[in-house]
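Summary of structural features
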Amino acid sequence: MSTMQKRYSLFDRTLRFVDREDEMDFLCEEFAPPRAEMSCGHAVTPMSLTNWCRRLLEEGKSKFVCGQPNCNKEWPYVEVRKMALLTPEEREYFESTMAQNAARDYFNSKTVSISLKMKYFSLLKPVSSNIVL
Ligand SMILES: [Zn+2]
């Protein structure tokens with residue numbers, strides 16, 4: 001891991017800079033300002049946002065949501081990519097992990113619905129077959 005910290009350029013006019021605490025810095029790492037506002041209104045630095053989203057991916061999530069309690073707003077990946085200033089390596093990691101997690105979610109939901117159906121059909125089986133077993 002590189003120790004270089006990513007920082008917003010103050011010349012980037014597409015960002016909304018705020019003079020507030022880094023609201024995604026849950027480990028109190030105190031990343032250097034400037035901080036900018038996400039679409040949900042919470043303040044982040046590229047570092048805190050990267051770390052938070054990486055944690056979500058490691059937890060098996062395929063979507064990015066704000067970590068502030070009572071917010072939980074979903075951020076589109078394009079917003080995360082831009083606001084976290086993802087490097088090419090990070091993009092690759094984020095995109096492949098997102099895809100893996102999404103595929104697993106999809107597979108799990110299919111498995112659940114199939115096993116529910118099997119349960120339903122097993123209830124329709126004649127009672128006598130159960131007695132033999
Ligand atoms: Zn938020």
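The protein carries the name Probable E3 ubiquitin-protein ligase ARI8 in an unreviewed UniProt entry, which gives Oryzias melastigma as its organism.

On to helix H1 (residues 46-58). Here H1 contains 13 residues, and its C-alpha end-to-end distance of 18 Å stays within 8% of the 18 Å for a straight helix at 1.5 Å per residue. What H1 keeps buried is the set Pro46, Met47, Ser48, Leu49, Thr50, Trp52 and Cys53. Positive phi appears at Gly60, one or two residues downstream of H1, with a value of about 95°.

Glancing now at the sheet that holds strand E3 (residues 43-44). Within the open sheet, the three strands sit side by side as E1-E2-E3. Their pairing is antiparallel. Looking along the sheet, the strands with just one partner apiece sit at the ends: strand E1 (17-18) and E3. Bridge count between strand E2 (residues 35-37) and E3: two bridges; the pairing is antiparallel. Looking at E3, one finds that Glu37 is bridged to Ala43.

Criteria and thresholds
- Residues numbered from 1 in each chain as written.
- Predicted model: local features only at pLDDT ≥ 70, side-chain atom pairs only at ≥ 80, totals over all residues.
- Helix = DSSP H or I, 4+ residues; strand = E, 2+ residues; numbered from the N terminus.
- Expected span 1.5 Å × (residues − 1).
- Buried ≥ 20, exposed ≤ 12 C-beta atoms within 10 Å, placed from the backbone.
- Pairing = 2+ DSSP bridges.

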